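# A closer look at the structure
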Amino acid sequence: MSDRSFLPFARPEINGEEINEVVATLQSGWVTTGPRTRAFEERFADYLARGKTGEAEAQPLHCVAVNSATAGLHLALEALGIGPDDEVIVPNYTFTATAEVVRYLGATPVLVDVEEHTFNIDPACVESAITERTRAIMPVHFSGLACDMTTLQALAKRHDLALVEDAAHALPTTWQGRMVGTLGSAACVFSFYANKTMTTGEGGMLVTNDADLAARARTMRLHGISKDVFDRYHSDTPDWYYEVVAPGFKYNMTDIAAALGLHQLKRLPQFHARREDLARRYDEALADLPLRLPAAAPAGDIQARHLYPVRLLPEAGVGRDEFIEAMAARGIGCSVHFIPLHRHPYWQACCGVSEADFPVSEALFQQEVSLPLYTAMSDADLERVVTAVRDVLKRAC
Ligand SMILES: *Cc1c(COP(=O)(O)O)cnc(C)c1O
């Protein structure tokens, strides 16, 4: 790549194997949910169950492939029976999808602040937000660094709440050595959006070890058509027959997407090693600058490194907007994760919140910049980013 070209903030890495599989899918005549989606679900379950150690866990994992993580989060809450009288606790520092699915069901998202060090939901804030209407907590593993699941699990147990993990960033991530996705939450949902740690273009995976929840999600992802009822009670009925048991959704994954997923999943260990390598290089090269670098995972744990979020400290002498503009002028795309929910007109009106309610989120938002971090980056690309960051900060001081 020539030095003058623009280095985008993110770009998926899709190679010949994925492309050949997509072409084979197109030629097979089966482009919607079919054999490749089923194979992808099976291999995804296998991948998570093998975890860090490569040894399969005993617990059966059900994986339900859907056309986005947003769809998966919606299906999880729907299967839990969340409705208009219910409250669901959601971190304020997240993408709008986490909270919007609560509204799809007419329930109330209760936004809470995050921890400064990790950007993750603050268990103390969760605890003080619990009311008798609370039904679930939705932790978001920001940037792929696991939330304090031990404390959240204890809170959920004590108050009889469901945990629905937004694991859009967290593949692969571990908490105390166990893979996110296998921690025993009611559901855990991964995203395969274009910029995530693996992609199917658009796509997501709902993971649970609750067979009933998985069955409901399978039914609801395709118009509320129940194959189980069909198979159990009508096994001698013709192929064309089906029964609708609920007003379901159109959330199924296509085999075209699953074709990408099958090969991206195979390459995930390699993708992750590269992300770790890039993050380590950033850590070393930026250590002496007036930046707060991303929190490390606890010793022995893995973080997915979906993002590389830095914070501009006051002594940097340059604000977030100015910094991003100066990087763009040097041909480098940066981004901000996230514009917290309290900053959006809809959530302000819906939840009656303002920045005064979320001092940590507000402070993080003012300082946060995400630097490019993706497997299609070369070492030279990373050096370019580092040089630009150093240059921008030197000029500001
Ligand atoms: C990307 C993302 C989502 C949504 O994922 P989709 O697959 O695009 O629906 C949800 N939550 C967070 C935190 C995300 O970053």
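Residues numbered from 1 in each chain as written. Predicted model: local features only at pLDDT ≥ 70, side-chain atom pairs only at ≥ 80, totals over all residues. Heavy atoms only, no water.

## Section: the packing of helix 10 (residues 320–329) against helix 13 (residues 379–396)
- Running from N to C, helix 10 and helix 13 cross one another at 130 degrees; their axes reach a closest spacing of 10 Å. Our classification of the angle between helix 10 and helix 13 gives oblique. At the point where helix 10 passes helix 13, the crossing takes the right-handed sense. Within the contact between the two elements, helix 10 uses Phe-323, Ala-326 and Met-327 and helix 13 uses Val-385, Ala-388, Val-389, Val-392 and Leu-393. (Axes fitted to C-alpha atoms, helices over the stretch in contact; angles between N-to-C directions. Helix = DSSP H or I, 4+ residues; strand = E, 2+ residues; numbered from the N terminus. Parallel < 35°, antiparallel > 145°, perpendicular 65-115°, else oblique. Left-handed = near helix turned anticlockwise from the far one by under 90°. Contact = heavy atoms within 4.5 Å.)

## Structural notes on the side chain of Gln-303
- Along the chain, Gln-303 falls in the loop between strand 10 (291–292) and strand 11 (308–312).
- A distance of 3.2 Å separates the side chain of Gln-303 from the backbone oxygen of Ala-295, its partner in a polar contact.
- Gln-303 has contacts with Ser-143, Gly-144, Leu-145, Pro-172, Thr-173, His-272, Glu-276, Ala-295, Ala-296 and Ala-297, leaving out every residue within four places of it along the chain. (Polar contact = N/O pair within 3.5 Å; in protein donor to acceptor, adjacent residues only side chain to side chain.)

## Some thoughts on helix 1 (residues 16–28)
- In this model helix 1 runs 18 Å from its N-terminal to its C-terminal C-alpha over 13 residues, within 8% of the 18 Å that 1.5 Å per residue would give.
- Turning to helix 1, the residues buried within the fold contact helix 2 (35–50) and helix 9 (255–286).
- Here helix 1 starts with a cap whose side-chain oxygen sits 3.1 Å from the backbone nitrogen of Glu-17, and that cap is Asn-15.
- At the exit of helix 1 stands Gly-29, carrying a positive phi of roughly 85 degrees. (Expected span 1.5 Å × (residues − 1).)

## Considering the UniProt feature "active site" (unreviewed entry) in the chain
- The positions that UniProt labels "active site" (unreviewed entry) are, in the present scheme, Lys-196.
- Checked against the element boundaries, Lys-196 lands in the loop between strand 8 (187–191) and strand 9 (204–208).
- In this view, Lys-196 contacts Ala-168, His-169, Ser-191, Arg-275 and His-306; residues no more than four positions away in its chain are not counted. (UniProt positions renumbered as here; feature names shortened; annotations may be inferred.)

## Regarding the pattern of salt bridges
- Under the definition given, this model contains 24 salt bridges.
- Its salt-bridge partner being Arg-135, residue Asp-86 comes within 3.0 Å of it at the nearest N-O pair. With Asp-86 in the loop between helix 3 (69–79) and strand 2 (87–91) and Arg-135 in strand 4 (residues 134–137), the pair connects residues that are 49 residues apart, well separated along the chain.
- Assessed through its relative accessible area of 11%, Asp-86 is described here as buried.
- One salt bridge connects Arg-305 with Glu-276, and the closest N-O pair in it is separated by 3.8 Å. Separated by 29 residues along the polypeptide, Arg-305 in the loop between strand 10 and strand 11 and Glu-276 in helix 9 bring together distant segments of the chain. (Salt bridge = Lys/Arg side-chain N within 4 Å of Asp/Glu carboxyl O. Buried < 20%, exposed > 50% of the residue type's maximum accessible area, 1.4 Å probe, protein only.)

## Section: the side chain of Ser-191
- Relative to the elements of secondary structure, Ser-191 occurs in strand 8.
- On the basis of relative accessible area, Ser-191 is assigned to the buried category, the value being 7%.
- Within polar-contact distance, the side chain of Ser-191 engages the backbone nitrogen of Tyr-193 at 3.1 Å.
- If we ignore the near neighbours within four places in the chain, the residues touching Ser-191 are Ala-69, Ala-167, Ala-168, Lys-196, Met-198, Gly-203 and Gly-204.

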